[in-house]
Amino acid sequence: APRIRAVILTGLDGPFHDWRKTSATLKEELEKDSRFEVRVVTETPAWLESPEVFQADVLVQHYVNWQTGGLSDAAKTNLLKYVNDGGGLAVLHFANGAFNPLTTGPAESDWPDYRRHFLQRAWVASTGSTHDNYGPFRAVPTALAHPITARYVSYRMARWLLAHE
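I will try to describe carefully the structure that is included in this document. Within every chain, residues take consecutive numbers counted from 1 along the sequence as written. Only residues with pLDDT of 70 or above have their local features reported here, since the model is predicted, and side-chain atom pairs are shown and tallied only from 80 upward, although totals for entire chains, interfaces and linings are computed over all residues. With hydrogens and water stripped out, all remaining heavy atoms of the structure feed into the side-chain values.

### Details of the pattern of salt bridges
Okay, step 1: For this analysis, a salt bridge means a side-chain nitrogen from Lys or Arg found within 4 Å of a carboxyl oxygen belonging to Asp or Glu. Under the definition given, this model contains 8 salt bridges.
Okay, step 2: Across the salt bridge formed by R5 and D57, the nearest N and O atoms sit 3.2 Å from each other. Within this pair, whereas R5 is found in strand β1 (residues 4–9), its partner D57 is found in the loop between β2 (36–41) and β3 (58–61), the two being separated by 52 residues in sequence.
Okay, step 3: With a relative accessible area of 13%, D57 lands in the buried category.
Okay, step 4: The residue R115 makes a salt bridge to D110 at a minimum N-O spacing of 2.9 Å.
Okay, step 5: In this scheme, a residue with accessible area under 20% of its type's maximum is buried, one over 50% is exposed, and one in between is partly exposed, where area comes from a 1.4 Å probe on protein chains only. Looking at D110, the relative accessible area reads 27%, which means it is partly exposed. Every helix listed is a DSSP run of H or I at least four residues long, and every strand listed is a run of E at least two residues long, numbered separately from the N terminus.

Now the structure itself:
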């Protein structure tokens, strides 16, 4: 079967996280599954303007535009088209604060469609957003036949989770 082409979009993550270390760890973890072919892209957000976006199976957003500009119109169009055409997007941790002037400044970085289409919860400093509680948590897949879990979650991991309920 063809390998899953994952692209980790990184290069900036505010003053709180070491994106170089965490991106390397993400790549390493994904590549433990031999089905993945992982590329790390650090020239974001400009890379999203490229037609290369459409060659990826999944984009892993590990990027937040901390005190920098937002996306160009071409990058926004490509990202919306990519997801609407069925491309996968995983927004990790603080990336849920991207393209939001209340979190990352400046005002021209605002992209309301990003929050509306891609996020369940946006991190906004002025509203008292915080981390969820730290500590162990349990993730239980509820629809193993769903295309996302069928394609991106290893069968072995799903079986292990079910066996340890």
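### With respect to the packing of aromatic side chains
Okay, step 1: Stacked, edge-to-face and tilted labels apply to pairs of Phe, Tyr and Trp rings (six-membered ring for Trp) whose centres lie within 6.5 Å, assigned for plane angles under 30 degrees, over 60, and everything in between, in that order. Under the criterion given, the structure shown has 6 aromatic pairs.
Okay, step 2: Seen in terms of ring centroids, Y114 and F118 are 5.9 Å apart; in terms of plane orientation they differ by 70°. Their pairing is edge-to-face. Here Y114 and its partner F118 are both found in helix α3 (residues 112–118), 4 residues apart, which amounts to about one turn of the helix. Each member of the pair, Y114 together with F118, is buried.
Okay, step 3: Among the aromatic side chains, those forming a connected cluster through ring pairs are Y63, F99, W111, Y114 and F118.

### Things to note about the pairing of strand β4 (residues 88–91)
Okay, step 1: Of the strand pairs in this sheet, β3 and β4 are connected by 4 bridges, and their pairing is parallel. Counted as the bridge partner of Q61 is V91 from β4.
Okay, step 2: Read from β3 through helix α2 (residues 73–84) to β4, the crossover connection turns out right-handed. The rule for pairing is simple: two strands pair if DSSP sees at least two bridges between them. By definition, the crossover connecting two strands over a helix is right-handed if that path, from the first strand to the second, turns clockwise as seen with the strands pointing away from the viewer.

### What to know about α2
Okay, step 1: Between its first and last C-alpha, α2 extends 16 Å over 12 residues, near the 16 Å set by a 1.5 Å rise per residue.
Okay, step 2: Every buried residue belonging to α2 is among A75, K76, N78, L79 and Y82, and all of these are buried. Angular distribution of buried residues about the axis of α2 spans 165°; they occupy a single face of the element. In α2, the exposed residues that point more than 90 degrees away from the buried face are D73 and N84.
Okay, step 3: Where α2 is buried, its residues meet β3, β4 and α3. The span expected for a helix works out to 1.5 Å for each residue beyond the first. This arc is built from the directions going out from the helix axis to the C-beta atoms. Residue contacts are defined here by distance: any two heavy atoms, one from each residue, within 4.5 Å place the two residues in contact.

### Structural notes on the environment of A90
Okay, step 1: Counting through the fold element by element, A90 comes out in strand β4.
Okay, step 2: We classify A90 as partly exposed; its relative accessible area is 27%.
Okay, step 3: With 29 residues separating them along the chain, A90 and Q61 place their C-alpha atoms 6.0 Å apart.
Okay, step 4: In this structure A90 touches L59, V60 and Q61, once residues within four positions along its chain are discounted.

### Description of the pairing of β3
Okay, step 1: Residues V58 and V60 of β3 are buried on one face, and the alternating residues L59 and Q61, pointing to the opposite face, are buried as well.
Okay, step 2: Across 4 bridges, the pairing between β1 and β3 is parallel. Paired with A6 across the strands is V58, a residue of β3.

Purely spatial values, then, with no claim about function.
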